[in-house]
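# Analysis of the macromolecular model
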Amino acid sequence: MLKQEINELLTRTGPGTEMGDLFRQYWIPALLAEELPEPGSPPVRVKLLSERMIAFRDSAGDYGLIDEFCAHRGVSLWFGNNEQDPGQAPGLRCAYHGWKYDTTGQCVEVPSEPDNSTFCRKVKLTSYPLVKVGDILWTYMGDPEKRPPLPEYEFCTVPSEQTYTSKRWQECNWLQALEGGIDSSHVSWLHNAGLKNDPLFKGSKGNEYNLNDMRPFFEVVESDGGLLVGVRRNAEEDHYYWRITPWVMPAFTMVPPRADHPVHGHFWVPIDDENCWVFTFDYLPVRELTEAEVAAMRTGHGVHNEYEPGGTFRPLQNKDNDYLMDRDAQRRGETFSGIRGIAMQDASLQESMGPIVDRSKERLVSADSGIIKARRKLVSAATELREKGITPPGVDPAHHRVRSVATVLPKDESFVEACREDLVATPGVRQTTV
Amino acid sequence: MTVTAPSYLRPTLLNSCAWAATAKEAAFRIDKPPAYVRTSRVFALDPGAADVVRDLARRPWHDTRFIPAFDADTLADELRDADFAMMIATADDGAAAAYAIGHACWERGITTAGIVLDPSGAGRRRAATEAVTALRPHARVLLVTEDRQDIVEILGEVGA
């Protein structure tokens, strides 16, 4: 059980909070690049770390992420006009009285002022950088003086034909979602049917090890950027099957691979304290994704999901329809929880904990040591940042160049030693998988 | 007028009296914590770990006993009624004790955890040492850490 004040510290990420300050040390995913596909695209409302913003791509193609509300009367710039006239300077013009802003939040025109007025130069909205790396538009919401180098996670640095990213809205606090990514002991239970049936999972020898040994052993080791959580199960005589999950602080996890299937993982980003974005990627280091693989991802297989109609990022299965619970499928063993799809199996249970789970009432077991250690590291990093100004793990792009691993090792081998190279993202080198 | 629900809206729990997961519903959770008792034993595997175990013993715990020096003759008594055993190592010379404790726990269905404390901060290097190798077969969970507070946290979290 966690003290209530520690739970508060870990789960609150708004401006001025300790965990909010920690998140503001990192580049974090803000939205998918496909949401602003071309110059002049309609603006998009974005809420991150409890701050409401507008993302837009001006007619020159530059990205901007600025305060959602016009400095004049406080109306939402979502109604604004992303001007595309060739004779006009690029910018987003407020729909109410025509104030116009560039991608840095600088006001460039106040129509009610005289032609030669310089008043607009004195008006500037808060803005954050918005940069495309891979399929994602990333932002950094911290002190501009401390802006770190851009992220180098492998899924967003491989050629675009080798990677696919989706996102979904999850209606609970970011931490209980992240903890599901660190805790791989639930896979043999909650996702057991998916290991047999899902086109992006099935057919791996590793699945057999998973399903044949429901009581895995855990080994948790600190890494430069966070943790490595090794889970071992019995394999052939004198060998263990290891699945190694890296967690890079604060919110990046990778799932160990299965056979030659794409490797997947998540970035768990707070929207506010009761909602988060789950950015979900699948990629391969050395080959293009096939059409069938991408089609499977687009239709919600693997760790992706289907959406409510209308171009939303809200899952089709959500709390308003009880996640389309199918008791018959549960009875037949087609799903363990009655919920279809690996992503929504996780999300449904994590949302069922409540918007912010009360960790003072939980009762962990030693198998949860990865979660316990991750919380400790987050608290420690947030405290050291606030009290001593120490840059937390995971800011350095070198910490991003990690991989998950699935492998079979002799029983007396350390996974850390045996997989030292496999755990590093190396261009042109295939993932280590079983 | 008949209202037809969209095809994707298919509530199946019409007999439930609460919707899942809303903030409002979360407020109605029963406030009394679930009953939960752990009977724990914490073993030191080497002299350095003995100091750690003695320190830990000074804190308030529930039903936890701390054993700074392994003694094969009293092991069975120490494990009586236990359901969780933690083994702490700071050096490589506790393999025999780890084996004895681990084997005894396995026979009795006692969950085990191994902590390799590495104050030097070389966690990843330490992870390959004999201490880890010795503990691996016997510890359901193995944590290599430089921070002894992790031990306090884990014991606290598991209800020791």
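For the structure itself, look to the data block above.
Scope of this entry: the structure provided in the associated data block. (Residues numbered from 1 in each chain as written. Chains lettered and ligands numbered in written order. Predicted model: local features only at pLDDT ≥ 70, side-chain atom pairs only at ≥ 80, totals over all residues.)

Counting from both sides, the interface comprises 37 residues of chain A and, opposite them, 35 residues of chain B. Counting only elements with at least two residues in the side of chain A that touches chain B, the list comes to β13 (217–222), α9 (342–352), α10 (369–388) and α11 (415–418) of chain A. The leading source of residues in the side of chain A that touches chain B is β13 of chain A, at six residues. Each residue belonging to the side of chain A that touches chain B can be placed in one class, and the counts come to 14 nonpolar, seven polar and 16 charged. For β13 of chain A and strand β5 (residues 141–145) of chain B, the ladder comprises four bridges, and the chain directions are parallel. (Contact = placed C-beta atoms within 7 Å. Helix = DSSP H or I, 4+ residues; strand = E, 2+ residues; numbered from the N terminus. Nonpolar A, V, L, I, M, F, W, Y, C, P; charged D, E, K, R; others polar. Pairing = 2+ DSSP bridges.)

Right, let's talk about the packing of helix α1 (residues 4–11) of chain A against α10 of chain A for a bit. All names here are of chain A. At a minimum axis distance of 10 Å, the contact between α1 and α10 shows a crossing angle of 75 degrees. By the angle between their axes, α1 is roughly perpendicular relative to α10. Facing α1, whose interface residues are Ile6, Leu9 and Leu10, α10 presents Arg375, Leu378, Val379 and Ala382. Taken together, the residues of the contact of α1 with α10 sort by class into six nonpolar, no polar and one charged. (Axes fitted to C-alpha atoms, helices over the stretch in contact; angles between N-to-C directions. Parallel < 35°, antiparallel > 145°, perpendicular 65-115°, else oblique.)

Once that is clear, we can look at the packing of α10 of chain A against helix α7 (residues 149–157) of chain B. Remark: α10 of chain A packs on α7 of chain B, axes separated minimally by 10 Å, with the N-to-C direction vectors making an angle of 130 degrees. When the axis of α10 of chain A is compared with that of α7 of chain B, the two are oblique. In this structure, α10 of chain A meets α7 of chain B at a crossing whose hand is right-handed. Within the contact between the two elements, α10 of chain A uses Ser369, Ile372, Lys373 and Arg376 of chain A and α7 of chain B uses Asp150, Glu153, Ile154 and Glu157 of chain B. For the contact of α10 of chain A with α7 of chain B, the per-class residue count stands at two nonpolar, one polar and five charged. (Left-handed = near helix turned anticlockwise from the far one by under 90°.)

In this section: the pairing of strand β1 (residues 39–44) of chain B. All names here are of chain B. With five of its six residues buried, β1 lies for the most part within the structure. Sheet analysis places β1 next to strand β2 (residues 63–67), joined by five bridges and oriented parallel. In the strand pairing of β2, Phe43 is matched with Ile67. Handedness of the β-α-β unit built from β1, helix α2 (residues 47–57) and β2 comes out right-handed. (Buried ≥ 20, exposed ≤ 12 C-beta atoms within 10 Å, placed from the backbone. Right-handed = clockwise from strand over helix to strand, strands pointing away.)

Take the environment of Leu22 of chain A next. Residues and elements named next belong to chain A. Position of Leu22 among the secondary structure elements: in helix α2 (residues 18–23). In this structure, the C-alpha to C-alpha distance between Leu22 and Gly394, residues 372 residues apart in sequence, is 11 Å. Look past the residues within four positions of Leu22 in its chain and what remains in contact with it is Pro250, Ala381, Ala382, Leu385 and Pro392.

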